[in-house]
Every structure is written in C-alpha cells, then in structure tokens.
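Overview (structure and organization)
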Amino acid sequence: MAKKILEVKDLCKTYVVNKRQNNVLRNVSFDVEEGEMIAIMGPSGSGKSTLLYTVSGMDNMTAGEVNFCGKDISKLKAKELADVRLNEMGFIFQQMYMLKNLNILDNIILPARQSKANKLSKQEKNEYGKELMRKLGIIDIAENDINEVSGGQLQRACICRSMINRPKLIFADEPTGALNRSSSEEVMAELGKINREGTTIMLVTHDAKVAAKCSRVIYIVDGNIKGEYNLGKPENNSDIRSRERGLNGWLIEQGW
Amino acid sequence: MFLEILKRDLKRKKTMNFIIFIFVIMSVTFVCSSVTNLSGTFNSLDKFFNEAEVGDFLALERAQGAEKTAVEIARELPYVKDVKAEPILYNVEGIKVGSGEVIKVAEIVMISSFERKINKYFYGENNMNLTEVPKGGIYIRKSALEALKSEIGDTIRITIDGIEKEFKILGVLKDAFFGGSLIDSPRFLISEEDFCEYLKAENVDEYLGSIDYFYTDNTDDLRKELADCTNIAFMEKKGTMKLTYLMEMVVAGLLMIVSICLIIIALFILKFTISFTISEEFREIGIMKAIGIPSAGIRMLYLVKYLALAVLGAVIGFICSFPFADMLMEKTKETIVISDEGSLMLSIISAIVVVAIVMFFGFRSTRLIKKYTPVDAIRNGSTGERYKKKGFLRLSKSGVRPAPFMAINDILSGLKRFMVMIVTFSIGILLVMIVLNCISTLKSEKLVRWFGVTEADAYLSSTKNITDYHNENGKEILKKELENIRLILEQNGMPAKVGAEVLFNYSLKNGDMKVNSMAFLGVNTDTKDYDNYVDGSAPQNPNEIAVHYMLLDSLHATIGDTVTVTDPDGSRDYIVSGTFETMTNRGEGVRFHQDDDRNYLYMNGIWGIQIEFTDNPSDKETAARLEKMKEILPDYEIYTPGGFTDKTIHSAAYLDDTRWLVLLVVILINILVAVLMEKSFLTKERGEIACMKALGFRNSAIVFWQTLRVFIILLISTVIAICLNNPVCQISVGSIFKGMGAKKIIFDPNVLESYVIYPAIIIAATLVGVFLTAMSVRHISANEINSIE
C-alpha cells in the first residue's frame, strides 16, 4: 500500500463576512497517497479552492487536522510553513502569476535560489530549470519577458517553477482555467507526465476532461465531500475517452 | 450614478486615495509655510528697520575729542532733514552675574536710557513695542543673555566708573541697530532714574557717547562730510547696517533654500502620485468605456475625485502650515521682528494654487482616456500591470540571493518609479550637508586667514580695558605686554612669537571719494605673514598700504594709486601696494606696514593676540599647551584658531540650532515620503507579494527586499547629494561669504560628519519607517493571489 502524503481530518473553515458566519468547509476528511493525481471538483462556491489553500497551508484552518508528510501544518509557525511550501510543495495558479521584472527562466529558478534546503549549486539550479523547460517544450522562451509569451507557455513555465525544488506534492488551482482547449490539453499532458514520474498532484478543476486524467476525483458540495470516484491510472488516449464518459456519468449522479 | 461610483472608489481604493490625500496635505503645508516664510524673511529686515524708526544714517560717537561733533556738522548740512542723538554710557569692566562671576560680553556694552531712546524696541514673541522700563529693570539682547548665562528674571550688576548697580533682567530686546549677531557690542536698556545715577560718576565724560540718527536722502555726501570727524568710532548707512544681521540672514537664507526645496518636493510628489494612480485605473476605465460611459464622463469622474481630495487636503494642509512655518522661523524670530502682514492671504492663494495644480496634473494624466478604446484600456490593465521593459539583470547570471537581486533589479528596471524618493532624499541630504558645511567652515582653523590675523597656534583675547592703551605711549604698553606674555610662555617651556593687531578707524580719501574705514596695524608681525592678499603685494614700507578689494572699489582707486589717511593729528599719503580680503567688519579695512607710526590715542581696540610656537610642537602638544596657558595667563581668554573664528562671528552656535531643525525637518519629510511611497508599492505589488508567499518566501525575505530597495535609493541619493554639495555650497553659502568680504571661500567640510554620520542618521531613520511599513506584508495572504486584479 502506498504511503500517505496528505491526511485531512475533520477540516473546517469558516469565514465571517459582514458579521455573518459562512462555513465554507465542514468536517472534510480525506487522504492523498504518494504518486496520486487527485482532482477536486464541485460547483462554484462549493469550497474547492478554499480546500486547496487550506490543506496547502496558504490559508488558516478553523478546526481539524492536516498532516503533510507527517507534519501537522496547523501547528507550524509561519516561517516553518513558508519553508514547507518552498521546499516540499509546488503551486500552480489559474492566473499564471509571475514576477514582472524577471524573465521566464529567472521566475522558474527563483524558488530554487531562495531555498536553503536545495543543495544544488547556482549553476546546477540554472541547468535544472532549463532541463524542466526543455521537458515541457518551452526552452526557447527562457530569456523572454513574461508578457512576450502565450498563456499556455506561461502556464507551462509555472509548472516548471512548481517543480524546481522537486516537491513532494503539487497543488494546482484550475491550472487550465485561463487556457484554450489545445493549451489546456498540453498542460494536462505535462502534469500527467510529471505525475507518472512520481510527483503527487492535487488539482482543482471545473473541467471533467481535466479531471478524467486524474486517478481519483473528490466531489465537494457546500463544503462537504459528497462523493469520491476512483478512476485509476490512465493507460492511453482511448482509455481517456472511456474515463471521461464514466466520470461524466458519475458527476451527473452527484448533481453536476 | 457618478457620485455613487465616486463613493465606492473612495472606499475601495482607500490606500491609493489616502496617499494622494496625504500628499496634497503635505504639499499645501509645505507650499503655504514656505511662501509665508519667504515673504516674511525677504523684506523682514526692511520692515524691522522701518518699524524701529532707525535713521537713514547712523553713527556711534565719543563725547569728546573733535572740535565739532557729528551732530553739529550734520545740522549745518542742507540735505540732512533731521538729526537726533541718543546719549549712551559705555560699560568696559564686565558684568557681574548672580553667581558672582564677572563676564565680559563684549569690549564695550552700551547702556541707554529708555526715556532718551530714539528708535523703537520690541520684545516678546508678539513683537510688543516696549513702552516702559521700570527702575531697577533692564532689557538686553538675546545673545547677551546667553553670554551672561542668565535667564529672564535673573539679576546682574553693572559698573560704570566705580558706580555699581543691580538690575533685574525683564526681557529680551529686539534692537534693530545693535541686534545683529555681527555687532559685537550690545545695547542694554535701563530706566532714566538708573541712567541719571550713573551720570553722577566723577569721570563720566570718559564713558559717555551718543548714537546719532541722521535723516537724509543723501547718505553718500553725509559720509564724506563726517569722514573727518574724529569723534566717530563707527558710522554706517541703514542699508549696510542690515549686513550685521548676516548670520540671521544666513539662517533665514538656509530656511529659504529649505522652503524652495519643499515646494519642489511637493509638486514633484503630486505629479508622480497622480500619474501613478491613474495608471492603476486602466482596467476600470476600459470597463466603463465598454459599458458605454463617454470619455468625458469618465474623465469627469476622476477629476471630481481629485477635486474632492484636493479641496479637503488643502484645508487641512492650510491649517497645518501655521505651526510648521513657526517652527522653521523660530530662531530668526528671536532677533528680528518678522511681519505676518499679508501672510494669511498668501497662504490662502498658495493653497488654491496647489488645488489648481492637482487639477492640472489630474487633467493631463487623464487625457489618455480619450485616446483609448475599451479594448486598449482593458488590455493595458489586464494584469494590473503595464509592461514596457523587461528586467535589467538576470537572476540566472547573478550570484546574489533573490531578495537583494530583486531590490537591485527593480531599481534598474524602473528607476522612474523611484524618482520621487531619489529627488526628495537627495534634496534633503543636500540641505543637511550645506548646513553642516557652513558650520564646519565657520569653525574651521582655515577660516582664520579671513579675519585679519596671521595663522597662529593660539589666539588670546585680553580682558583688560581698552582705556589702558588709549594714550600716546599705547604702543610701548602693548609691546611690553606682548613681551611679558612671550617671557611667561618661554619660562614654561613654550618658546613663541607673540604679535597682535591694533585697530583704528580713519578717514580715507582718493580725489573726491571719501570713506571711513577700520584699519589694521600689526605689532610684532610682518605684513608678509598675512595670507589674505588678493592682488598686488603686502605693504613693504611705512608709506604703503593694503586696502580691502571692496573698499578700493568704493574709493575708485587701483593698486599704485595714492590715498590720503586722516586722523586728528593730520593727513598722510600712502601708496596702495595691494588688495586683501577679510570678513572683519564685513569687508571693510586697510592694513598699514608694521613700522608705520600711528597714534594709539585714536585706537579702537586690540585684535587677536597671536601666539606662534617656534619649536614646532605636535598637535597634541599644542593642545596641552593651550590648556596650560589658561593657568599661566589668567588675564586672557585662550582660543584655538577655530575657536577664535567662532568667537569672532558667533555664527556656528547660531547655526547649530538650525542644523538640528533642518535635520529634523529632513528626517520627517523623508520618513513621510518613504512610508507613503512604500505603501503605494505594497498596494501595487500585492499580487507579487502574494505570489512570493505562495512560493514559500518568508515574510522576512519580502520585508528585506522592500527595505533594501529603499536603502539602495537612499545610498544613490547620498551619492548625488555628495556630488552636488560643493557646487551648490559655492552658489548659495559662498555668495553669503562673499557679501561678508571673502572673495572666494574654501569650504572645509567635516568629512566624517557631513558625508557619513548625518547621512547615516537620515538613512537609518528613513529605513525604520520603511521597515515598519513593509512589516504589513504579514497581512498579505498567499491565497490572495487569485483575487488580485
């Protein structure tokens, strides 16, 4: 049995807006195993992104427990949490946010240069950044400014950045949300490749095609897990189409 | 609907709107206070002299000596409308303060009776016209109060020809004629009863004199007529008397420079802030265009917002400008009556002008709205950022950590956005450097050559009465005294050359041109020893004379001409051998050859006894000798060369207060500008900060990045200020020294203080403000990354 990389128990998240309590997550519990590629789905406002940010330590939880690689992240200090995010987690956002004064390669190697845990030399970090870019087919834009490349290229650069410190788990919040269909497929193909190489991925998506490429789907409604659908690892392209059909059927059952 | 959008805009963009609002307040405060101060100081001396009803021409006269007094001569002149004389008594014996110590405030202190006064005196913060002096009371000027180490309410005892009387200090006097810090002799004001008691002294005639006020439009001819009156110790026209306030004017001038800088800073900040904030709005402008709001309507929306912020800010800034202006002018107001007349109206106009400037900048910045289509506008603001240039440096090629790399790269990639800080910090640091340069130069040993003495190791000031030398054997008495000093020094292992300057006042004539001037005669010195000749050479023979270059112009003479010097014994001709520069008596003076035989009966004083050790002691040894001299020469005050110049012009202490004021103002402005700019950066970079946090950057690394960026800007500003320091000093302070009689002053900055310590204080204080502001990154959450526009 695979090792659990993330254990979430009775996770609650409550926002107070205009003196009104809004329970975004209610006693959410689930586990993520090493090497898994898990998708969080659900209607808008169901708490998908909040779940992602809370379990990754980017947002505080109201109650519950989140164990990442054996560490209870609710008990970590801000500094320790920052170190965990820097060295053991990777992030991909819908907005493809990068620092404007750095070129693509510099943006990618930035977390590596900041990390003290990453023991590679400066030169090795640069080379690894380029290697990732080569793998994802964007080595040509290494010296480009961030406004000189397409959305798909930028999102692949964000994937490279998320991997630069060889994280144990990559969190992706709607990684294809701002991309067209072909860019979206390219990005998901890259994420699938990374996952097959051993990196665990947890992503939030609205897109059943994207979710079908994952091994498991958690469906969340009003802050509760309504159901889980185990797809298993995808084998080939024809397999994907049958997975999509299966997943769509299950989603309709869930009220999608 | 516009009002609704405006209300929401004010609420939603609190930080940026708040920054504009604060900058408008700052601008109005600076501009109003500066304009008030500029108008106040610009004509302040004219108004002060007019309100004090000082005559057009003034003279200080002894009661005996000449056949005709100056008053008698002037009364016979048709162009002199009126002549008034105010009798005065001279105190030459020092003043006993409460502790029993006798302090010599000046060689001569003039005592006037309130009942016999001619001009008006003022006192207190509100410049009250002094209406009475009760018996036993005395009013003295501020510098004398400080010299006497006394306070208002303390008692002092004044002796004239054996009559000692006790007085209670009732207040500080603003005396137009004798109030300037370059006037060594102060005037004290007592009651008529007390004055009459002094008049009963046996030899009162020796201590009696008068201050003469001449009312005429023809001061040049009057000066020529009075030039032969040997009773006159000093005479000058009203306009020139204003030069005695040079130090006060230096301070006022420095504050003027501060004020002009503040106005520049204020306008620069406003322009930047408005264009900066409008560039943030392109996305919204695009959306408004897309939903059909016309360009003029959108523009109006922003202009209404700026108008609301500008008007409210102007009202608050206007109110704040009054205490700020007072704070800047506090020191100058101690001695000069600064008129507030018309300042309120000027302040109101200034505030309105600032509002108009805000609207003008707003109008110009929003003109792009018209040109943009909805798509352009939305695209330009698509990520909240308008890309123009890529980063200047490459992290992959750099060896530094990300935070310092980003700090340097940000500055090199977008210097324009840091321009407000660079300009503000550079001007601020430069201002402090100018003041420090001025103070260190005024305290410098090197300045001594501009005071009519030779460069020596020590200078002595005698506490003896000038009357001791006032006879035909004065030269022998002085020579004996100098020899006595030399012997005492030699007996104590300090072989030295001892010399002194004797001061006279003579009438000089070249053809029709006549002037009355101070004259130097060196005793035990050689005219070649003086290092202040500008052209020609030192007098080589007793029939040669060196003349101050400004005085030579007044005489319409040149080197080689013959000028006539007149004293009560008669006239003698001298050949002008050269010109020299000196700041003694504001550039007035001639130097005789040391062998010239002048009658000491007409001397005005002994100037700086000069001690030059002949065995070349080390600096440490010289300092030790100066300490020892205090014990072995108790009748003299001992000065280092720097101390001697400081004593002569009393300026460094005066400027010291200004140093702290300018430093405080600069630090406050720097902190304010840095904090507000940092706040605007944090608002603009919120997305990047959230991204960095999400990537695992600690708060400390982000705070370091933000603070380091400002630190680098401060260093750049310091370098700019250092580069500009000397040229700006020469233009501003150099011209002040020129007015004092020094053709070209060589500044002697204290490098450690001017270029290291004070900039470091400013940098440290500014960085504390930036650091504390940057700490607010703790409140930016990593999960904000997707909600940032």
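Note that this is a predicted model, so its numbers are computed, not measured.

Criteria and cut-off values
Residues numbered from 1 in each chain as written. Chains lettered and ligands numbered in written order. Predicted model: local features only at pLDDT ≥ 70, side-chain atom pairs only at ≥ 80, totals over all residues. Heavy atoms only, no water. Helix = DSSP H or I, 4+ residues; strand = E, 2+ residues; numbered from the N terminus. Buried < 20%, exposed > 50% of the residue type's maximum accessible area, 1.4 Å probe, protein only. Contact = heavy atoms within 4.5 Å. Axes fitted to C-alpha atoms, helices over the stretch in contact; angles between N-to-C directions. Parallel < 35°, antiparallel > 145°, perpendicular 65-115°, else oblique. Left-handed = near helix turned anticlockwise from the far one by under 90°. Nonpolar A, V, L, I, M, F, W, Y, C, P; charged D, E, K, R; others polar. Phe/Tyr/Trp six-rings, centres within 6.5 Å; stacked < 30°, edge-to-face > 60°. Lys NZ or Arg CZ within 6 Å of the ring centre and 35° of its normal. Pairing = 2+ DSSP bridges. Buried area = accessible area lost by both parts, 1.4 Å probe. Salt bridge = Lys/Arg side-chain N within 4 Å of Asp/Glu carboxyl O. Polar contact = N/O pair within 3.5 Å; in protein donor to acceptor, adjacent residues only side chain to side chain.

1. What about the overall build of chain B?
- The secondary structure content of chain B amounts to 24 helices and 23 strands.
- Within chain B, the fraction of its 789 residues that count as buried is 57%.
- By sequence separation, contacts in chain B at least 24 residues apart represent 81% of the contacts at least 6 residues apart.

2. Describing the packing of helix H3 (residues 104-114) of chain A against helix H5 (residues 151-163) of chain A
Residues and elements named next belong to chain A.
- Direction vectors running N to C along H3 and H5 enclose 25°, while the axes themselves pass 8 Å from each other. Viewed along their axes, H3 and H5 adopt a mutual orientation that is roughly parallel. Every pair of crossing elements has a handedness; the one defined by H3 and H5 is right-handed. Between H3 and H5, the contacting residues are Ile104, Asn107, Ile108 and Pro111 on the first element and Leu154, Ala157, Cys160 and Arg161 on the second.
- Class assignment for the residues of the contact of H3 with H5 results in six nonpolar, one polar and one charged.

3. Considerations on the packing of aromatic side chains
- Applying the stated criterion across every chain, the model contains 17 aromatic pairs over all chains.
- Centre to centre, the rings of Tyr229(A) and Trp250(A) are 5.2 Å apart; their planes meet at 25°, and the pair counts as stacked. Of this pair, Tyr229(A) sits in strand S10 (residues 224-230) while Trp250(A) is found in helix H8 (residues 237-254), placing the two residues 21 residues apart along the sequence.
- Using a relative accessible area of 9% as the deciding quantity, one classes Trp250(A) as buried.
- The structure contains a cluster of three or more aromatic residues connected by ring pairs, namely Phe504(B), Tyr506(B), Tyr574(B), Phe592(B) and Tyr600(B).
- One Lys or Arg, Arg659(B), reaches over the ring of Trp660(B) and ends 5.4 Å from the middle of that ring.
- Over the aromatic face of Tyr549(B) sits the side chain of Lys743(B), whose NZ or CZ is 4.7 Å from the ring centroid.

4. Here's the deal with the sheet that holds strand S9 (residues 216-221) of chain A
Residue and element names in this part refer to chain A.
- A sheet is described by the order of its strands in space; here six strands give the open sequence S6-S7-S8-S3-S9-S10, paired in mixed fashion. Either end of the sheet is taken by a strand with one partner, and the two such strands are strand S6 (89-92) and S10. Across the sheet, the mean angle separating the axes of adjacent strands is 20° when strand polarity is ignored.
- Sheet analysis places S6 next to strand S7 (residues 169-173), joined by four bridges and oriented parallel. Paired with Gly90 across the bridge in S7 is Ile170.
- Relative to the sheet, helix H6 (residues 181-196) contacts strand S3 (37-41), S6, S7 and strand S8 (200-204), its axis offset from that of S8 by approximately 150°.

5. Quick look at the sheet that holds strand S4 (residues 63-68) of chain A
All names here are of chain A.
- Strands sit in the order S2-S1-S4-S5 across an open sheet of four strands; the sheet is antiparallel. Each of the sheet's edge strands pairs with one partner strand only, and the pair in question is strand S2 (20-33) and strand S5 (71-72).
- Pairing of strand S1 (residues 4-17) with S2 involves 10 bridges; the strand directions are antiparallel. Along S2, the bridge assignment pairs Thr14 with Asn23.

6. Some thoughts on the interface of chain A and chain B
- With 35 residues of chain A at the contact, the number on the chain B side is 38 residues.
- On the chain A side of the interface with chain B, the three residues burying the most area are Tyr97(A), Lys100(A) and Asn101(A), jointly 20% of the side's total.
- One salt bridge connects Asp83(A) with Arg698(B), and the closest N-O pair in it is separated by 2.5 Å.
- If you look at where chain A meets chain B, you find 15 residue pairs in polar contact (both at pLDDT 80 or more).
- At the level of secondary structure, the elements contributing two or more residues to the side of chain A that touches chain B comprise helix H2 (78-87), H3 and helix H4 (122-135) of chain A.
- The element contributing the most residues to the side of chain A that touches chain B is H3(A), with seven residues.
- Residue composition of the side of chain A that touches chain B, by class: 14 nonpolar, seven polar and 14 charged.

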